[in-house]
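# Coordinate inspection notes
Now for the letters of each chain:
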Amino acid sequence: MTSFAPDSIVLNRKLPLWYQVSQSLRASILGRSPQDPLRLPTEEQLAGHYGVSVLTMRQALKELEEEGLITRHRRRGTFIEPSASPGTPVRLLGSVDAIVAQQSGMVTELLDHGKASVPAELAEYFPDLAEVATYHRLRGDEKTGEPTNHARNHLRPELAERFDLDDLVRWPMTKVLRDVVGAEISRITDTVEARLADPETARLLQVPLLSPILRYMGVIYDVEGRVLDVAVIHYRGDRFSFTVTLDA
């Protein structure tokens, strides 16, 4: 393997092999020296290096390509993007059940619902739609009733016809889509960032204007790669923490 030598890893059978391989390659790409060549070994060479099938290797490379770290050219090979840098967001793997558990255990009030034009900032997720079904909910602590977050879901309209509003009061949207609608969820991409409370968020969460909050965006994909739902949730900064557990 003369052009690129990724680190070896001991694979954990509890996690998908393609995910572990993609994260190892990702670390090697971002930690490479400037003088290292940009061309990667072939799929077969990389599969042999990691001790996985070519199909698993192909899936790992697809993940890195979607992240913008590599480009793949038929007959020419696979190349590291020169602009790839450690600033690229880290992706962490969890389960749908973990997402459901995190969103459960709250008192929920449905504030409004209906259809609306796709927001400009979400247009990339719904390129084939002009409208989405929207649901706005306020959630609070089950014991004290104190508001903790307010959530807006932007859902494909055809899915909205397959559940009742009461379902959204009882359960998180992820559970409704999986267990009521029967959607085949393949992955959920979560982004959490710090923000300052705008007037609406300050009023709903009963916090001072411009106080620290956490903005969460969760994008749910089906097995065909379509986006089913985009949730934008604003959490009180003093009532929410983001914890990641890594299996070493």
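### Overview of the packing of helix 2 (residues 43-50) against helix 3 (residues 54-66)
The N-to-C vectors of helix 2 and helix 3 enclose an angle of 105°; their axes lie 9 Å apart at closest approach. It follows that helix 2 is roughly perpendicular to helix 3 by the angle criterion. Each of Glu43, Glu44, Leu46, Ala47 and Tyr50 in helix 2 lies in contact with helix 3, whose residues at this interface are Val54, Met57, Arg58 and Leu61. Grouping the constituent residues of the contact of helix 2 with helix 3 by class yields 6 nonpolar, no polar and 3 charged.

### A closer look at the packing of aromatic side chains
Within a pair of aromatic rings, the relevant descriptors are the distance that separates the centres and the angle that separates the planes. Scanning the model with the defined rule gives 3 aromatic pairs in all. A centroid spacing of 6.0 Å and a plane angle of 90° characterise the contact between Trp18 and Tyr19, whose relative ring orientation is edge-to-face. We classify Tyr19 as buried; its relative accessible area is 11%. Relative to Tyr235, the ring of Tyr216 lies with its centre 6.4 Å away and its plane at 90°, an arrangement referred to as edge-to-face. With Tyr216 in strand 7 (residues 212-222) and Tyr235 in strand 8 (residues 227-236), this pair connects stretches of sequence that are 19 residues apart. On the accessibility criterion, Tyr216 (6% relative accessible area) is buried. With relative accessibility at 2%, the residue Tyr235 sits in the buried group. Taking NZ or CZ as reference, Arg170 lies 4.7 Å from the ring centre of Trp171, over its face. Over the ring of Tyr221 we find Arg187, and its NZ or CZ is 3.9 Å from the ring centre.

### A look at unusual backbone geometry
Leaving glycine out, the prevailing phi sign among residues is negative, and the prevailing peptide bond configuration is trans. Phi is positive for Arg75, which is not a glycine, with a value near 75°. Following the sequence through the fold, Arg75 ends up in the loop between strand 1 (70-73) and strand 2 (77-80). In this structure, Gln206 is a non-glycine residue whose phi angle is positive, near 60°. Assignment of secondary structure puts Gln206 in the loop between helix 8 (199-205) and strand 7. The exposure class assigned to Gln206 is exposed, which follows from its relative accessible area of 60%.

### Some words on the sheet that holds strand 7
An order of 3-4-5-8-7-6 is seen for the 6 strands of this open sheet, with the pairing classed as antiparallel. Here the strands that pair on one side only, and so sit at the sheet edges, are strand 3 (106-117) and strand 6 (185-196). Strand after strand, the sheet turns through a mean of 15° between neighbouring axes, direction not considered. Bridge count between strand 5 (residues 147-155) and strand 8: 7 bridges; the pairing is antiparallel. Counted as the bridge partner of His150 is His234 from strand 8.

### Topic: the environment of Asp229
Assignment of secondary structure puts Asp229 in strand 8. Under the relative-accessibility criterion, Asp229 is labelled buried at 2%. Sequence separation of Asp229 and Leu155 is 74 residues, and the distance between their C-alpha atoms is 4.4 Å. Beyond its immediate chain neighbours, meaning those up to four positions away, Asp229 contacts Asn153, His154, Leu155, Met173, Leu177, Gly218, Val219 and Ile220. A distance of 3.4 Å separates a polar side-chain atom of Asp229 from the backbone nitrogen of His154.

### Re the environment of Gln59
Mapped onto the elements, Gln59 comes out in helix 3. Sequence separation between Gln59 and Val21 is 38 residues; the distance between their C-alpha atoms is 9.4 Å.

### Observations concerning helix 2
Quick reminder: α-helices carry 3.6 residues per turn. Residues three or four places apart thus point the same way. The complete set of buried residues in helix 2 reads Glu43, Leu46, Ala47 and Tyr50. One side of helix 2 carries all its buried residues, which in axial view fall inside an arc of 100°. Every exposed residue of helix 2 that faces more than 90 degrees away from the buried side is listed here: Glu44 and Gly48. Taken together, the buried residues of helix 2 touch helix 1 (17-30), helix 3 and strand 1. In the stretch just after helix 2, Gly51 is the one whose phi turns positive, near 75°.

What counts as what
- Residues numbered from 1 in each chain as written.
- Predicted model: local features only at pLDDT ≥ 70, side-chain atom pairs only at ≥ 80, totals over all residues.
- Heavy atoms only, no water.
- Axes fitted to C-alpha atoms, helices over the stretch in contact; angles between N-to-C directions.
- Helix = DSSP H or I, 4+ residues; strand = E, 2+ residues; numbered from the N terminus.
- Parallel < 35°, antiparallel > 145°, perpendicular 65-115°, else oblique.
- Contact = heavy atoms within 4.5 Å.
- Nonpolar A, V, L, I, M, F, W, Y, C, P; charged D, E, K, R; others polar.
- Phe/Tyr/Trp six-rings, centres within 6.5 Å; stacked < 30°, edge-to-face > 60°.
- Buried < 20%, exposed > 50% of the residue type's maximum accessible area, 1.4 Å probe, protein only.
- Lys NZ or Arg CZ within 6 Å of the ring centre and 35° of its normal.
- Pairing = 2+ DSSP bridges.
- Polar contact = N/O pair within 3.5 Å; in protein donor to acceptor, adjacent residues only side chain to side chain.
- Arc of directions from axis to C-beta.

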